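Survey of secondary and tertiary structure
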Amino acid sequence: TLKAVVYPFGASRAGKNQIMDEVTTDLAILFASKDLAVTPDTSDLIVRNSENYKIKQITQDPASASIRLIVGRMI
């Protein structure tokens, strides 16, 4: 368990009063690197609200202070 900012992936592309045409179950998860005891890998699974997500992409800022995961819901 860790504290993170979770938001629909691609939501930042939608501006005020805009409707996104595509519906996605992908999420972006942003958290501080120091809060994670292990290094994430694309073979890892994440459980959120009793749903399983697979890591699709992992990015870190240049200072390695934060990690962003792009995850997709497994059906």
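Residues numbered from 1 in each chain as written. Predicted model: local features only at pLDDT ≥ 70, side-chain atom pairs only at ≥ 80, totals over all residues. Heavy atoms only, no water.

1. A closer look at the overall build of the protein chain
Each helix and strand in the protein chain was counted, giving 0 helices and 5 strands. Ordered by position from N to C terminus, the α and β elements of the protein chain give β-β-β-β-β. In the protein chain, buried positions account for 20% of the 75 residues. Accessible surface, the protein chain as shown: approximately 5700 Å² in total, 52% of it carbon and sulfur. (Helix = DSSP H or I, 4+ residues; strand = E, 2+ residues; numbered from the N terminus. Buried < 20%, exposed > 50% of the residue type's maximum accessible area, 1.4 Å probe, protein only. Areas by Shrake-Rupley, 256 points an atom, 1.4 Å probe, with all protein chains shown as cover.)

2. Some words on the environment of Gly72
Along the chain, Gly72 falls in strand β5 (residues 66–73). Assessed through its relative accessible area of 7%, Gly72 is described here as buried. In sequence terms Gly72 and Leu27 are 45 residues apart; their C-alpha atoms lie 6.5 Å from each other. Residues contacting Gly72, with those up to four places away along its chain left out, are Asp26, Asn52, Tyr53, Lys54 and Lys56. (Contact = heavy atoms within 4.5 Å.)

3. Some remarks on the nonpolar core
With 8 residues, the main nonpolar core is built from Leu27, Ile29, Phe31, Tyr53, Ile55, Ile67, Leu69 and Val71. Elements with a minimum of two residues in this core: β2 (27–32), β4 (51–60) and β5. (Core = buried A, V, L, I, M, F, W, Y, C linked by side-chain atoms within 4.5 Å.)

4. Notes on the pattern of salt bridges
All told, the structure shown has 3 salt bridges when counted by the stated rule. Linking Lys56 and Asp26 is a salt bridge whose minimum nitrogen-to-oxygen distance equals 2.9 Å. With Lys56 in strand β4 and Asp26 in the loop between β1 (5–8) and β2, this pair connects stretches of sequence that are 30 residues apart. A relative accessible area of 52% places Lys56 in the exposed class. The exposure class assigned to Asp26 is buried, which follows from its relative accessible area of 14%. (Salt bridge = Lys/Arg side-chain N within 4 Å of Asp/Glu carboxyl O.)

5. Side note on the environment of Pro8
Position of Pro8 among the secondary structure elements: in strand β1. Taking the C-alpha atoms as reference, Pro8 lies 6.1 Å from Asp26; in sequence the two are 18 residues apart. With sequence-adjacent residues up to four places away left out, Pro8 is seen in contact with Asp26 and Leu27.

6. Remarks on the sheet that holds β5
Sheet strands pair via backbone hydrogen bonds, and the direction of the pair is either parallel or antiparallel. Across the sheet, 5 strands lie side by side as β1-β2-β5-β4-β3; this open sheet has antiparallel pairing. Two strands lie at the open edges of the sheet, namely β1 and β3 (45–48), each paired on one side alone. Put simply, the sheet's adjacent strands are angled 35 degrees from each other on average, direction ignored. For β3 and β4, the ladder comprises 4 bridges, and the chain directions are antiparallel. Paired with Val47 across the strands is Asn52, a residue of β4. (Pairing = 2+ DSSP bridges. Axes fitted to C-alpha atoms, helices over the stretch in contact; angles between N-to-C directions.)

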